[in-house]
Amino acid sequence: MLDLTNIEVIKYLCRKHGFRFSKDMGQNFLTDDSVIDAISADVCEDCDSVLEIGPGFGCLTAALGQRAKKVVSLELDERLKPVLDETLAGFSNVEIIWGDCMKADIGKIIAEKLEGRVSVAANLPYYITTPIIMRLIEGNFGFKKIVVMVQKEVAERFCAEPGGKEYGAVTLGVGYRAEARVILNVGKEKFIPSPKVDSAVVEMTMLDEPRVSPKDEKLFFALIKAAFSQRRKTLSNALSNAGKFGSKENIASAIEAIGKDASVRGERLSIEEFAQLADILAQK
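Now for a look at the structure at hand. (Residues numbered from 1 in each chain as written. Predicted model: local features only at pLDDT ≥ 70, side-chain atom pairs only at ≥ 80, totals over all residues. Heavy atoms only, no water.)

## Some words on the pairing of strand 5 (residues 118–123)
Here is step 1: Along strand 5, five of the six residues are buried, which leaves the element largely enclosed by surrounding structure.
Here is step 2: Relative to strand 5, strand 2 (residues 49–53) runs parallel, the two sharing five bridges. Bridge assignment links Val50 to a residue of strand 5, and that residue is Ser119.
Here is step 3: Handedness of the crossover joining strand 5 and strand 6 (residues 145–151) through helix 6 (residues 129–138) is recorded here as right-handed. (Buried < 20%, exposed > 50% of the residue type's maximum accessible area, 1.4 Å probe, protein only. Helix = DSSP H or I, 4+ residues; strand = E, 2+ residues; numbered from the N terminus. Pairing = 2+ DSSP bridges. Right-handed = clockwise from strand over helix to strand, strands pointing away.)

As structure tokens, this is what we get:
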């Protein structure tokens, strides 16, 4: 079996199949087998099947295939077909689906091709990390966990606490349905080609129920979006400028009703406080 984290093996496969890395697709492949082992062990813990996004040359895919009953991997770049035909030839429990994960019918794939408890593994291009993660989370597909390699700065946003500069709308979007934590930092030197920034592996364990239960979920998320669209402004000003939440006076009154000063900024509110605020504004 080929060592798919060995740089010389990767170069050999590139020459053999005429493959060139695409900057536009954000292709950076791992060259550290200890990272692959750590990710695959975490993904497959207490699960039966895995949905993978972006197999690359198949190094993580192969590790998942050794641990899980079934692996379905979504890949956009069809230039990888001959490479993956070779590198995954020995895995009868691995299936590649060619297409865009933002357009794929994930629910159908899970129902028809995967069994039991399903987790997600992904090494995501930096330019589309957040849209993919939010689609996986908001789709409510019943995943046990999502384990994803992302830019370190993005990982910090996913796992941030209220009050910090990393804390924002995406933190709350992830936190609404998952418990996120960084399980591994990965230096840029452990990829080929080497990206300009370091990465981190984030584990998102899905909650059985949303963390909070706002009366109007749509209003709750609109509130969060407005709060962080102008994050340098006070929460009161940001919400009043959005023009969706009533008068500035009513907004200030609602903020004070949850025990915050009207001059507070959005990054100071926890997800529970945003839910409380949304419920008060819904009544007003």
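## Some details on the pattern of salt bridges
Here is step 1: All chains considered together, the criterion is met by 18 salt bridges.
Here is step 2: Two residues, Lys16 and Glu86, come together in a salt bridge whose shortest N-O distance is 3.1 Å. Of this pair, Lys16 sits in helix 1 (residues 7–17) while Glu86 sits in helix 4 (residues 81–87), and the two are 70 residues apart along the sequence.
Here is step 3: Glu86 sits in the partly exposed class, given a relative accessible area of 26%. (Salt bridge = Lys/Arg side-chain N within 4 Å of Asp/Glu carboxyl O.)

## A few points about the nonpolar core
Here is step 1: Counting residues in each nonpolar core, the largest one holds 37 residues, and the members touching the most others are Leu30, Ile39, Val50, Phe57, Leu64 and Met149.
Here is step 2: Elements with a minimum of two residues in this core: helix 1, strand 1 (29–30), helix 2 (33–44), helix 3 (59–67), helix 4, strand 4 (94–98), strand 6 and strand 8 (191–192).
Here is step 3: What Ile39 contacts, discounting residues up to four positions off in sequence, is Leu30, Leu60, Val147, Met149 and Val201.
Here is step 4: Listed in part, the 36 residues of the second largest apolar core include Val118, Leu136, Ile146 and Met204. (Core = buried A, V, L, I, M, F, W, Y, C linked by side-chain atoms within 4.5 Å. Contact = heavy atoms within 4.5 Å.)

## Notes on the sheet that holds strand 7 (residues 178–186)
Here is step 1: One open sheet holds the seven strands; their spatial order is 4-3-2-5-6-9-7, and the pairing between them is mixed. At either end of the open sheet lies a strand with only one pairing partner, and these are strand 4 and strand 7. Recorded for the sheet is a direction-independent mean angle of 20 degrees between the axes of neighbouring strands.
Here is step 2: Pairing between strand 6 and strand 9 (residues 199–206): seven bridges, direction antiparallel. (Axes fitted to C-alpha atoms, helices over the stretch in contact; angles between N-to-C directions.)

## A look at helix 10 (residues 235–242)
Here is step 1: Within helix 10, burial applies to Leu235, Ser236, Ala238 and Leu239. For helix 10, the arc enclosing every buried residue in end-on projection is 165 degrees, short of the 170-degree limit, so these residues lie on one face.
Here is step 2: Those residues of helix 10 hidden inside the fold are in contact with helix 9 (217–229), helix 11 (248–257) and helix 12 (271–283).
Here is step 3: Just downstream of helix 10 lies Gly243, where phi reads positive at about 70 degrees. (Arc of directions from axis to C-beta.)

## Structural notes on the state of the cysteines
Here is step 1: Counted under the stated rule, the structure contains zero disulfides.
Here is step 2: Cys44 supplies the cysteine sulfur nearest to Cys47, a cysteine that is in no disulfide, at a spacing of 5.0 Å.
Here is step 3: The cysteine Cys101 is free of any disulfide, with Cys59 supplying the nearest cysteine sulfur at 18 Å.
Here is step 4: When its relative accessible area of 9% is taken as the criterion, Cys101 is described as buried. (Disulfide = S-S within 2.5 Å.)

## Comments concerning the side chain of Ser119
Here is step 1: Within the secondary structure, Ser119 is located in strand 5.
Here is step 2: Given the relative accessible area of 0%, Ser119 is considered buried.
Here is step 3: The contacts of Ser119, once residues within four sequence positions are left out, are Val43, Cys47, Ser49, Val50, Leu51, Lys144 and Lys145.

Read these as spatial facts, not as claims about activity.
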